[in-house]
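Now for the letters of each chain:
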2 protein chains.
Amino acid sequence: MREDEITGWFRQQRQLSPAEVPIGIGDDMAQIALGHGASVLITTDMLLDGTHFELKTATLEQVGYKSMATSLSDCAAMATIPVGAVVAVALPHGWGGRPLKELHAGVVFAADKYRCPLVGGDITSWKSDGRFAVCVSMLSKPGDKPPVRRNGARVGDIICVTGSLGGSGRRRHLEFEPRVNEALKIVQIADLHAMMDISDGLSTDLNRICSQSGVGALVEAAAVPISGDARCRPDPLDAALNEGEDFELLFTLAPEQWERLDRLWDDPVPIASVGRITDTGRMEIRLPDGPVRDLMPGGYDHLAD
Amino acid sequence: MREDEITGWFRQQRQLSPAEVPIGIGDDMAQIALGHGASVLITTDMLLDGTHFELKTATLEQVGYKSMATSLSDCAAMATIPVGAVVAVALPHGWGGRPLKELHAGVVFAADKYRCPLVGGDITSWKSDGRFAVCVSMLSKPGDKPPVRRNGARVGDIICVTGSLGGSGRRRHLEFEPRVNEALKIVQIADLHAMMDISDGLSTDLNRICSQSGVGALVEAAAVPISGDARCRPDPLDAALNEGEDFELLFTLAPEQWERLDRLWDDPVPIASVGRITDTGRMEIRLPDGPVRDLMPGGYDHLAD
């Protein structure tokens, strides 16, 4: 059973009231109604030593930054405004206050930069063996536009990504800039149909948009923006499609909206059109030399063998 | 450096705007303003195998229930209404979907019982060695009355607890009923000055109320309600004062409000008056045979050696 299957199973177990939970399990954030038209969105991200970072090579300040940036990227993924975060940690036995202060430095650096204050947390420790884990839960509120979901892609939409993809594991996964401000700026210019952030690789995350929207996609390999780090890899395109932790935005919009966005976009972070939403019901990729092949979700899966 | 010291240090690092964050670090939940008079509260709790439960003896369904009940108890601690929860897990390497379904059963049992839907989560896994951890983050909203904080206890207040204390580790810590409904009922009857839930033991948690309120306390040992499980211990009073994970409510209120509450309270969960808030600036306990001694915080500390 893979991650998306178990997530789907969880979603089926309880029918959530749309009046109380407008957006439930399966999107980048869940939205909860609070009455009188107010609502809040929430995301949670668990980061583990050895899986999402290596304490042998990364500093705790970098880990603190990454843990916040990962959740900020979820706020960006729905074009919502971060309002606050809580941080829970599981400390190896015998750790004291000093490592916590280092972690805190990274957390508040991100909190200050993206105006998302640290408002609370939980400190726990393993009694014997047990490795360091940090879990950030973050709240956001809708901006002027409603939160952008994963399930709204339409046949004929242009598929876009911000920045460049692949090779994040080398260094960028610890230092990336979550696209909070870019997302809010994009939805001011154009109407989006679907959006998410690329955490598990373009192929896996585009598959989530397609599957939740009931559509297919054709990716133009030649148009995929490949990062400098990915270009050093034996197969740069494979790295850009499958490696994950890019934390760039992936979104779809009508062709005339893309024309508008492309014309008016003056931000230093580039946006590339990488393909189209199709009615084939499956994901395909046109290779640089012409042939069209099936595109399989190849990103990381925490439940895969 | 102990937990409360590092928490105090965190609190001092950033001045949070009361307009944006009416309640910040150091209470049972933080409160975030969302504009137009709306606000939401958030708590996060990390539970670890070997620290908060033992997978050798507890089922994953029990662990799922406890993880939700722990956060629900934080909602109760401020007399707020739970509105939704997210659950993040760190899975030992090689776990599949089945253990997640067992955990889910316990999570949704609590979610259904306390009308606090599971709205999302995060599934991660250790790449090699690493033990099971679960982190619940929960949102609530204020009821008719403002959230009750820890820092409002006044000299002369009566100190009360719900239920009975001690011996929770035997069985009750996996099955306890968070006092969500009782808390909302109490604030309908009486005006409280301070409240929290007892997670680390009466002595430790009362010390938090005293310290944050700038007051002292005198506990009457003979009035402390000792649980059946604690009565089997070599020192039942010590168990009731220090063992923790009782998840009962601890609150203070003016004597006339206590008279009113005591007269009108018709709930099966008992409330006991266990002492008074004093101006001594320290915690004391009157032993059953008469002498008054200092009461030291003796509960569990995750940063203690």
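Residues numbered from 1 in each chain as written. Chains lettered and ligands numbered in written order. Predicted model: local features only at pLDDT ≥ 70, side-chain atom pairs only at ≥ 80, totals over all residues.

1. Concerning the interface of chain A and chain B
Between chain A and chain B, the contact holds 55 residues from the first and 55 residues from the second. Of all elements in the fold, only helix 1 (3-13), strand 1 (30-35), strand 2 (38-48), strand 3 (80-91), helix 3 (97-113), strand 4 (118-125) and strand 5 (133-142) of chain A reach the threshold of two or more residues within the side of chain A that touches chain B. The greatest single-element share of the side of chain A that touches chain B, amounting to eight residues, is contributed by strand 4 of chain A. Split by residue class, the side of chain A that touches chain B holds 30 nonpolar, 18 polar and seven charged. (Contact = placed C-beta atoms within 7 Å. Helix = DSSP H or I, 4+ residues; strand = E, 2+ residues; numbered from the N terminus. Nonpolar A, V, L, I, M, F, W, Y, C, P; charged D, E, K, R; others polar.)

2. Section: the sheet that holds strand 11 (residues 283-286) of chain A
All names here are of chain A. Here we have seven strands laid out as an open sheet, ordered 7-9-6-10-8-11-12, and mixed in their pairing. Each edge of the sheet is formed by a strand with only one pairing partner; in this case those strands are strand 7 (194-197) and strand 12 (292-294). In this sheet, adjacent strand axes meet at a mean angle of 25° when their direction is disregarded. Of the strand pairs in this sheet, strand 6 (residues 158-162) and strand 9 (residues 249-253) are connected by four bridges, and their pairing is antiparallel. Bridge assignment links Val161 to a residue of strand 9, and that residue is Leu250. Docked against the sheet, helix 8 (residues 255-264) engages strand 6, strand 9 and strand 10 (271-278), running at close to 30° with respect to strand 6. (Pairing = 2+ DSSP bridges. Axes fitted to C-alpha atoms, helices over the stretch in contact; angles between N-to-C directions.)

3. Looking at the domain arrangement of chain A
All names here are of chain A. Entries for chain A in the domain assignment read domain 1 (3-142) and domain 2 (158-294). Relative to domain 2, the C-alpha centre of domain 1 lies at a distance of 24 Å. Listed by partner, the interface residues are 18 residues for domain 1 and 16 residues for domain 2. Across the side of domain 1 that touches domain 2, the residue classes break down as 11 nonpolar, three polar and four charged. (Domains from an automatic or database assignment.)

4. A short note on the packing of helix 3 of chain A against helix 1 (residues 3-13) of chain B
Packing of helix 3 of chain A against helix 1 of chain B brings their axes to within 11 Å, and their N-to-C directions diverge by 25°. It follows that helix 3 of chain A is roughly parallel to helix 1 of chain B by the angle criterion. In the packing of helix 3 of chain A onto helix 1 of chain B, the handedness of the crossing is right-handed. The segment helix 3 of chain A lies against helix 1 of chain B, with Gly97(A), Leu100(A), His104(A) and Val108(A) engaging Ile6(B), Phe10(B) and Gln13(B). Its residues assigned to classes, the contact of helix 3 of chain A with helix 1 of chain B comprises four nonpolar, three polar and no charged. (Parallel < 35°, antiparallel > 145°, perpendicular 65-115°, else oblique. Left-handed = near helix turned anticlockwise from the far one by under 90°.)

5. Quick look at unusual backbone geometry
Phi angles above zero are rare outside glycine, and Glu245(A) is one such case at about 55°. Relative to the elements of secondary structure, Glu245(A) occurs in the loop between helix 7 (236-242) and strand 9. Among the residues examined, Glu245(A) registers 22 C-beta atoms within 10 Å and is labelled buried. Positive phi, close to 55°, is recorded for Phe247(B), a residue that is not glycine. (Buried ≥ 20, exposed ≤ 12 C-beta atoms within 10 Å, placed from the backbone.)

6. With respect to the relation of the copies chain A and chain B
The operation relating chain A to chain B is a screw motion whose rotation component is 180°, with 0.0 Å of axial translation and a residual RMSD of 0.0 Å. With respect to symmetry, the two chain copies, as superposed, fit the operation of a two-fold axis. When C-alpha positions in chain A are compared against the rotation axis, the closest is assigned to Gly130(A), at 2.9 Å. The share of interface residues of chain A whose copies in chain B are also at the interface is 100%, consistent with both copies meeting through the same surface. (Least-squares fit on C-alpha atoms with pLDDT ≥ 70 in both.)

7. Topic: the sheet that holds strand 10 (residues 271-278) of chain B
All names here are of chain B. Read from one edge of the open sheet, seven strands run 7-9-6-10-8-11-12, paired in mixed fashion. Looking at the sheet topology across the chains shown, the edges are occupied by strand 7 (194-197) and strand 12 (292-294). When strand polarity is set aside, the average angle formed by the axes of neighbouring strands in this sheet is 25°. Bridge count between strand 11 (residues 283-286) and strand 12: three bridges; the pairing is antiparallel. Bridge assignment links Arg286 to a residue of strand 12, and that residue is Val292. Against the sheet, helix 2 (residues 60-77) contacts strand 7 and strand 9 (249-253), and its axis sits at roughly 175° relative to strand 7.

8. Topic: the environment of Gly228(A)
Residue and element names in this part refer to chain A. Examined against the element boundaries, Gly228 turns out to sit in helix 6 (residues 228-231). The exposed category is assigned to Gly228, around which 12 C-beta atoms lie within 10 Å. Between the C-alpha atom of Gly228 and that of Leu165, which follows or precedes it by 63 residues, the distance is 8.7 Å.

9. What to know about the pairing of strand 11 of chain B
Residues and elements named next belong to chain B. Of the two faces of strand 11, the one lined by Met283 and Ile285 is fully buried and the one lined by Glu284 and Arg286 carries no buried residue. Here strand 8 (residues 216-220) runs beside strand 11; their pairing, made up of four bridges, is parallel. Bridge pairing links Glu220 to Arg286 in strand 11. If you look at the hairpin formed by strand 11 and strand 12, you'll find five residues sitting between the two strands, and Gly290 has a positive phi there, around 115°.

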